[in-house]
Amino acid sequence: MDIANASLLDEATAAAEAMNMSRRISKSDSNNYFVDQLCHPQTTAVLQTHAAPLELKIVLGNPLKDFAKQHCFGLLVQYPNTLGEVNDFHQLGRQAKERSALLTITTDLLSLVIHKAPADFGADMVIGNAQRFGIPMGYGGPHAAYFACKDKH
């Protein structure tokens, strides 16, 4: 991605910021935000809490099967997902672009050593947790998140 920052609170907070940014820059008139049902549960919970006062609707589902049927301003997918599965999001990236929805991919930084870069899927934003590169788990948290995006955003 073109621009990156690591000063956010945690991955779930970064997801909420990505949802906000998607709503601000998307040309879609929808208030629906599609969230991969296999995102980490804490991320989904923060998104649902954050969306309620903004009158945004979180639509949970399988992005590879359900997104094409939705009208959303953006979507968030987990790569690898909370079960450790790695999906190919090339088609999803094309669908998002066709629908004026912004694609955010939340990922494990270390996994990207062996997996395709989210930008290859057409991601507008990439977020995640940087814990692997910082404070050990036993020392508490939350651990710093990162947020990266295209320069045009």
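Given the structure is predicted, the values throughout are model-derived calculations rather than measurements.

### Topic: the overall build of the protein
Point 1. For the protein, the count of helices and strands is 4 helices and 7 strands.
Point 2. Counting from the amino terminus, the protein carries its helices and strands in the arrangement β-α-β-α-β-α-β-α-β-β-β.
Point 3. Taken along the three principal axes of its C-alpha coordinates, the protein extends 45 × 35 × 30 Å.
Point 4. Here the protein holds 153 residues, and 44% of them are scored as buried.

### Some thoughts on the pattern of salt bridges
Point 1. A complete count under the given rule lists 2 salt bridges for this structure.
Point 2. The closest approach of N and O atoms between Lys69 and Asp66, which form a salt bridge, is 3.8 Å.
Point 3. Across the salt bridge formed by Lys150 and Asp124, the nearest N and O atoms sit 3.7 Å from each other. One end of the pair, Lys150, is in the segment after strand E7 (145-149); the other, Asp124, is in the loop between strand E5 (102-107) and strand E6 (125-129), with 26 residues separating them in the sequence.
Point 4. The class of Asp124 is buried, set by a relative accessible area of 9%.

### Observations concerning the packing of helix H1 (residues 11-25) against helix H2 (residues 41-51)
Point 1. The geometry of H1 relative to H2 is characterised by a closest axis approach of 8 Å and an angle of 45 degrees between their N-to-C directions. Between H1 and H2, the interaxial angle falls into the category oblique. The way H1 lies across H2 gives a crossing that is right-handed. Facing Glu11, Ala12, Thr13, Ala15, Ala16, Met19 and Asn20 of H1, the residues of H2 in contact are Gln42, Thr43, Val46, Leu47, His50 and Ala51.
Point 2. When the residues that make up the contact of H1 with H2 are grouped by side-chain class, the tally is 7 nonpolar, 5 polar and 1 charged.

Quick notes on the rules
Residues numbered from 1 in each chain as written. Predicted model: local features only at pLDDT ≥ 70, side-chain atom pairs only at ≥ 80, totals over all residues. Heavy atoms only, no water. Helix = DSSP H or I, 4+ residues; strand = E, 2+ residues; numbered from the N terminus. Buried < 20%, exposed > 50% of the residue type's maximum accessible area, 1.4 Å probe, protein only. Salt bridge = Lys/Arg side-chain N within 4 Å of Asp/Glu carboxyl O. Axes fitted to C-alpha atoms, helices over the stretch in contact; angles between N-to-C directions. Parallel < 35°, antiparallel > 145°, perpendicular 65-115°, else oblique. Left-handed = near helix turned anticlockwise from the far one by under 90°. Contact = heavy atoms within 4.5 Å. Nonpolar A, V, L, I, M, F, W, Y, C, P; charged D, E, K, R; others polar.

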